[in-house]
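# Structure at a glance
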Amino acid sequence: MLNIGVISLGIGKSHADGIVRSSKARLAALCDVDEEKLKMRAEEYGVTKISTDYRDMLADPEIDAVCVTSPDHFHLEMVVAALRAGKHVLCEKPLALHADECKEMIRVSEETGKLLMVGQVCRVAPGFAKAKSFIEEGLLGDVYFIESEYAHDYVDIQGWRKDPANKRHPVTGGGCHAVDLVRWLAGREPVEAFSYSTHEALKDWPCDDCTIALMKFDEKLSGKVLVSTGCKRNYTMRTVIYGTKGTIIVDNTSPTMSLFLDEYNGEKKMFGTKLINIEHKIPVKIANHNVAAEIDEFVECILTNTQPRISAEEGARTVAACEAIIKSSETGKPEPIIY
C-alpha cells in the first residue's frame, strides 16, 4: 500500500478522490496554503497529516509519492524538491511553463531514480481513448488531419491564472490539452507551428485569449489547434480526426462520439445511401477529468517499476510545441518545434 500526499487542493481534490478509490494506495497527507480549505479537506478525508508548507510533507519518510497540483509556476520547484526527497511524483499538466524546466525535472528524475508522470488527463478520457484505439486499429485508414480545440470561458476565473507577475499563457496553461491530444492521436511529432493570436475577449488579462495554430508533422499529416479562453459558450474539447477511410468527431463532454466510414465489410452504400453520409453514434462514458485512471496508472507504475504511458517526456514535448505556437504568434513566422 503506497502512502501518497497531495500538494494543493484545488484540482488536487480530484487527485485525492482518485487516491481514496485506489485499492493499492492510501491518502496519507495533505498540503495547502489555505489553512481553512486544508482543515476542511482533512476532515472530509480523515487525514491527520496536514501542512501549509509542502516541505513538511516531503520531509516525512512515510510518504512514498506526491501529487503536485499547485499553480503552474510552482511545478519546477516542487517537483524537483519532491524527487530529491525520494518521492515519486505525479505532476498536473502542464508539466512546466517552459520546455527547459521540463528537461530539468526529467534530469532530476533520472538522477534520483524516482518516477515522474504528467497529468495529461485527456489521454484517459473514455471518448479520446476509444478514438485512439480506432486509429491504431486502422479503422480510419491513413490519418491526414487532426484538429482539437480548448474552448473555456475564463471570464470568472481570478487568482494566479491571471497574475501578470507569473504569466500563464492560455496555450500552455489550458491549451496544452488540445496540443497534447493532437500529438498523441497523431502518434508522431510535429516539427513546425504557425499561429495567429488575438486579445479581444479578456482585455484585462495579461496574455492573448484566442490562438489558432497549424502544426506540420510531415508531408502526409497536419494538425490544427484552437485555444480560446474568452469564448462565450460551454466548455468543450471537440476533436476531429480525418482519415482516408473515415472520420471521428469526439468531445470529452458528450455521451456519444460520431464515426463516419467510407465502407463497411466492402459495402459503400446502405439502403441506397453512401456510408460516408451516415453518422454512427457510439456511446461513451463522460469522464472529462478521469483523474482516477491517472492515479491507477501512477500507482501501478511505482509498484511494478515501469514507465507510465503519460511520461514526463510526453509532457515536455507538449510544452515544447506550445512554446513554438506562442513564439509564432509573436514573430508572425512559422517556428520549429524544438525539444
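Above this text sits the structure in question.
In this report, the structure presented in the accompanying data block is examined. (Residues numbered from 1 in each chain as written. Predicted model: local features only at pLDDT ≥ 70, side-chain atom pairs only at ≥ 80, totals over all residues. Heavy atoms only, no water.)

### Here we look at the packing of helix 4 (residues 75-84) against helix 5 (residues 99-112)
Between helix 4 and helix 5, the least distance of the axes is 9 Å, while the angle of their chain directions is 5°. When the interaxial angle is binned, helix 4 and helix 5 end up roughly parallel. Along its contact with helix 4, which presents His75, Leu76, Val79, Val80, Leu83 and Arg84, the element helix 5 presents Glu101, Glu104, Met105, Arg107, Val108, Ser109, Glu111 and Thr112. Taken together, the residues of the contact of helix 4 with helix 5 break down into six nonpolar, three polar and five charged. (Axes fitted to C-alpha atoms, helices over the stretch in contact; angles between N-to-C directions. Helix = DSSP H or I, 4+ residues; strand = E, 2+ residues; numbered from the N terminus. Parallel < 35°, antiparallel > 145°, perpendicular 65-115°, else oblique. Contact = heavy atoms within 4.5 Å. Nonpolar A, V, L, I, M, F, W, Y, C, P; charged D, E, K, R; others polar.)

### Considering the layout of surface pockets
One number sums up the size of the largest pocket: a volume of about 690 Å³. Taken together, 32 residues form the lining of the largest pocket, with Ile11, Thr69, Ser70, Pro71 and Trp160 sitting closest to its centre. Considering each element in turn, the lining of the largest pocket owes the most residues, three residues, to helix 4. Its residues assigned to classes, the lining of the largest pocket shows 14 nonpolar, nine polar and nine charged. (1 Å grid on protein atoms, 1.4 Å probe; cavity = no way out; pocket = protein on both sides within 12 Å on 5 of 7 lines; lining within 4 Å. Points joined across faces, edges and corners; volume = space filled by probe spheres on them.)

### Points about the sheet that holds strand 5 (residues 88-92)
Read from one edge to the other, the open sheet built from six strands follows the order 3-2-1-4-5-6, with strand pairing classed as parallel. Looking at strand neighbours, the two that pair on one side only are strand 3 (49-51) and strand 6 (116-119), the edges of this open sheet. Mean inter-strand twist for the sheet, computed between neighbouring axes without regard to direction, equals 25°. Strand direction decides the pairing type here: strand 4 (residues 65-68) and strand 5, joined by four bridges, are parallel. (Pairing = 2+ DSSP bridges.)

### Considerations on the pattern of salt bridges
By the definition in use, this model includes 28 salt bridges. The salt bridge involving Lys39 is made with Glu35; its shortest N-O contact spans 3.5 Å. On the criterion of helical spacing, the pair formed by Lys39 and Glu35 is a turn pair, its members being four residues apart in helix 2 (residues 35-45). Measuring nitrogen to oxygen at the nearest pair gives 2.8 Å for the salt bridge that ties Arg309 to Glu297. With Arg309 in the loop between helix 9 (291-304) and helix 10 (312-331) and Glu297 in helix 9, the pair connects residues that are twelve residues apart, well separated along the chain. On the basis of relative accessible area, Glu297 is assigned to the buried category, the value being 10%. Overlapping salt bridges bring together Arg123, Asp180, Arg183, Glu189 and Glu314 as one network. (Salt bridge = Lys/Arg side-chain N within 4 Å of Asp/Glu carboxyl O. Buried < 20%, exposed > 50% of the residue type's maximum accessible area, 1.4 Å probe, protein only.)

### Structural notes on the environment of Gly127
Along the chain, Gly127 falls in helix 6 (residues 126-137). Judged by its relative accessible area of 6%, Gly127 is buried. Between the alpha carbons of Gly127 and Thr256 there is a distance of 7.8 Å; along the sequence they are 129 residues apart. Here Gly127 is in contact with Val250, Met257 and Val284, once residues within four sequence places are set aside.

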